Amino acid sequence: MRLRSSGLAAMAGAVLVVGATGCDRSTGGALKPSAQGAIGIDLPRDDSDFWRAYEQYVRKGVAAQAIRTLPITASHNREDELRSNVQGFEQANAKAVVIAPQATYVTDVLLGELFRRGVSVVSVDTEPEHGEVYMAVRANNVDYGTKACQFLGAQLKGKGKVAELQGALDSINAYDRSRGFSTCMKEKFPGVQVIELATDWKGDVAAAKLQSTLAANPDLGGIYLQAGGVFLQPTVSVLQQQGMLKPAGQPGHIAVVSNDGIPQEFDAIRKGDIDATVSQPADLYAKYALFYAQAAVEGKAFKPGPTDHQSTIVALPNGLEDQLPVTLVTKDNVDDKALWGNNLGK
């Protein structure tokens, strides 16, 4: 369980404090001039549609902006591979690295090594619990859970049962989404019973637990998927197998709200298989991960406050975080061309 909660010039959208020609950090955190260096980028996993979309946006951004990078690596959700890849970046004298550690409690030694070598770290989607980060690029995950709660609570008119397919609770994202969902339900919809199903972000585990939950609770009225990329297909399949996949608006429909904003979720909303998703900005994660990594190489620093890209930089105990905005997507706005899920591959 998590112990605490918490050119590129045209892209500049944060509260800029200083600029220089490179970046090193002393033990006091001050910036010092250093030689220009390449950026190391590690892709965290390829077992979900969301992360495959993120990879596409990263590669497109690197190519379009001619960013100087080391060969991009992938750690496949394995801590040992992440460590090995980052050590390779260090040996190649990277000046900044972009990572997305999935187990946020194991980063102390890893980030400590980077800090001592003067390598700035941009953490995408997750906020490491230990070790300094130059910038975490992620959305407000408590808001994900809150938006899902508000939608489902209204759909159920404040009464009934909902199943919550949680991710790995040693992950900051699963922890924050669960906290937002639970707090909102207790405060706004006390008549709704939440059945929490921990899955470790595994689709097969989610399917098995959902199947047994439906057998024990045939009156289940709603389901919250903390990640559509891994939970959407298993959820739809289980509901279909049980004869419980009724189109939205028809009697017997189980309201489903997801998280991610991938094209498959949008298609499911259009068909009425699910009702909503909270779009997690894969495109902006890639865009601002590259922006901040390049800013670190150039010796720039930022401070808390609003940005010009509708986000807010907040202070962490171990660095800064740019909290990007999220959007609730329903049948009313699913065709909005501003949503990245409608533009993937274009």
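Worth saying up front: this structure is predicted, and the values here are computed from it rather than measured.

Q: Would you explain the overall build of the protein in this entry?
A: Helices and strands together make up the secondary structure of the protein, namely 9 helices and 18 strands. Buried residues in the protein amount to 57% of all 346 residues. Summed over its atoms, the accessible surface of the protein is roughly 14,100 Å², and 51% of this surface lies on carbon and sulfur atoms.

Q: Just checking my understanding: could you explain helix α4 (residues 141-155) for this structure?
A: Given 3.6 residues to a turn, an α-helix orients residues that are three or four positions apart in the same direction. When the terminal C-alpha atoms of α4 are compared, their 21 Å separation across 15 residues agrees well with the 21 Å that a helix rising 1.5 Å per residue should span. Along α4, the residues classified as buried are N141, Y144, G145, T146, A148, C149, F151, L152 and G153. Structurally, the start of α4 carries an N-cap: the backbone nitrogen of V142 is 3.1 Å from a side-chain oxygen of N140. Trailing α4 by a residue or two, K157 shows a phi angle of about 55°, which is positive.

Q: Looking at this model, I keep getting lost on the layout of surface pockets. Mind explaining?
A: If you roll a probe as big as a water molecule over the atoms, it shows you where there is empty space left. Looking at the largest pocket, its volume works out to about 320 Å³. Lining the largest pocket are 20 residues, with R45, N77, E79, Q102 and A103 sitting closest to its centre. Class assignment of the residues belonging to the lining of the largest pocket gives a composition of 9 nonpolar, 4 polar and 7 charged.

Q: Any chance you could explain the state of the cysteines here in plain terms?
A: The bond known as a disulfide is covalent and runs between the sulfur atoms of two cysteines. With the rule as written, the count across this model stands at 1 disulfide. Disulfide partner of C149: C184, at an S-S distance of 2.1 Å. Taking the sign of the S-S torsion, -75° for the link of C149 and C184, the bridge is left-handed. Of this pair, C149 sits in helix α4 while C184 sits in helix α5 (residues 172-188), placing them 35 residues apart in sequence. Classification of C149 by relative accessible area gives buried; the value is 0%. On the basis of relative accessible area, C184 is assigned to the buried category, the value being 6%.

Q: Teacher, can you tell me more about the environment of D273 here?
A: As for its placement among the helices and strands, D273 is situated in the loop between α8 (263-271) and β13 (276-279). Take D273: its relative accessible area is 15%, and that puts it in the buried class. The spatial distance from the C-alpha of D273 to the C-alpha of A255 is 8.7 Å, given a sequence separation of 18 residues. Apart from the residues lying within four places of it in its own chain, the contact partners of D273 are V236, L245, H253, V256 and A268.

Q: Before we go on, may I ask you to explain the packing of aromatic side chains in this structure?
A: To describe a pair of aromatic rings, one takes the distance between the centres and the angle between the planes. With the rule as written, the count across this model stands at 12 aromatic pairs. Here the aromatic rings of F50 and W51 are separated by 5.2 Å at their centres, their planes lie at 80°, and the arrangement is edge-to-face. Take F50 and W51: they sit in the same class, and that class is buried. Arranged with centres 6.1 Å apart and planes meeting at 85°, the rings of Y134 and F302 form a pair that is edge-to-face.

Q: In this structure, what is going on with the sheet that holds strand β10 (residues 192-198)? I would like to understand it.
A: Backbone hydrogen bonds hold the strands of a sheet together, and the pairing may be parallel or antiparallel. Judged by pairing direction, the sheet is mixed, and its 6 strands sit side by side in the order β10-β9-β11-β12-β13-β18 without closing on themselves. Two strands bound the open sheet, and with one partner strand each, they are β10 and β18 (327-329). Between one strand axis and the next, the sheet turns by 15° as a mean value, whatever way the strands run. In terms of strand pairing, β13 meets β18 through 3 bridges, oriented antiparallel. Each residue of the ladder has a partner; that of V278, found in β18, is L328. In the packing of α4 onto the sheet, the strands contacted are β9 (160-166), β11 (222-225), β12 (255-260), β13 and β18, and the crossing angle to β12 comes to about 165°.

Q: Is there a simple way to explain empty space enclosed by the protein in this structure?
A: The calculated volume of the largest cavity comes to roughly 190 Å³. Lining of the largest cavity is provided by 15 residues; of these, W51, Q102, D125, W201 and A227 occupy positions nearest its centre. Of all the secondary-structure elements, those providing two or more residues to the lining of the largest cavity are α1 (49-65) and α5. Its residues assigned to classes, the lining of the largest cavity comprises 5 nonpolar, 6 polar and 4 charged.

Q: Just to check I follow, could you spell out the pairing of strand β17 (residues 319-324) for this structure?
A: Moving residue by residue along a regular strand, the side chains alternate between the two faces of the sheet. Judged by how many residues are buried, β17 sits mostly within the fold: 5 of 6 residues are covered. Where strand β8 (residues 133-139) lies against β17, 5 bridges are found, and the strand directions are parallel. Each bridged residue has a counterpart across the sheet, and for A136 the counterpart in β17 is E321. Of the pairings in the sheet, the one linking strand β16 (residues 312-316) to β17 comprises 5 bridges and is antiparallel in character. Paired with V314 across the strands is E321, a residue of β17.

Basis of the calculations
Residues numbered from 1 in each chain as written. Predicted model: local features only at pLDDT ≥ 70, side-chain atom pairs only at ≥ 80, totals over all residues. Heavy atoms only, no water. Helix = DSSP H or I, 4+ residues; strand = E, 2+ residues; numbered from the N terminus. Buried < 20%, exposed > 50% of the residue type's maximum accessible area, 1.4 Å probe, protein only. Areas by Shrake-Rupley, 256 points an atom, 1.4 Å probe, with all protein chains shown as cover. Expected span 1.5 Å × (residues − 1). Polar contact = N/O pair within 3.5 Å; in protein donor to acceptor, adjacent residues only side chain to side chain. 1 Å grid on protein atoms, 1.4 Å probe; cavity = no way out; pocket = protein on both sides within 12 Å on 5 of 7 lines; lining within 4 Å. Points joined across faces, edges and corners; volume = space filled by probe spheres on them. Nonpolar A, V, L, I, M, F, W, Y, C, P; charged D, E, K, R; others polar. Disulfide = S-S within 2.5 Å. Contact = heavy atoms within 4.5 Å. Phe/Tyr/Trp six-rings, centres within 6.5 Å; stacked < 30°, edge-to-face > 60°. Pairing = 2+ DSSP bridges. Axes fitted to C-alpha atoms, helices over the stretch in contact; angles between N-to-C directions.

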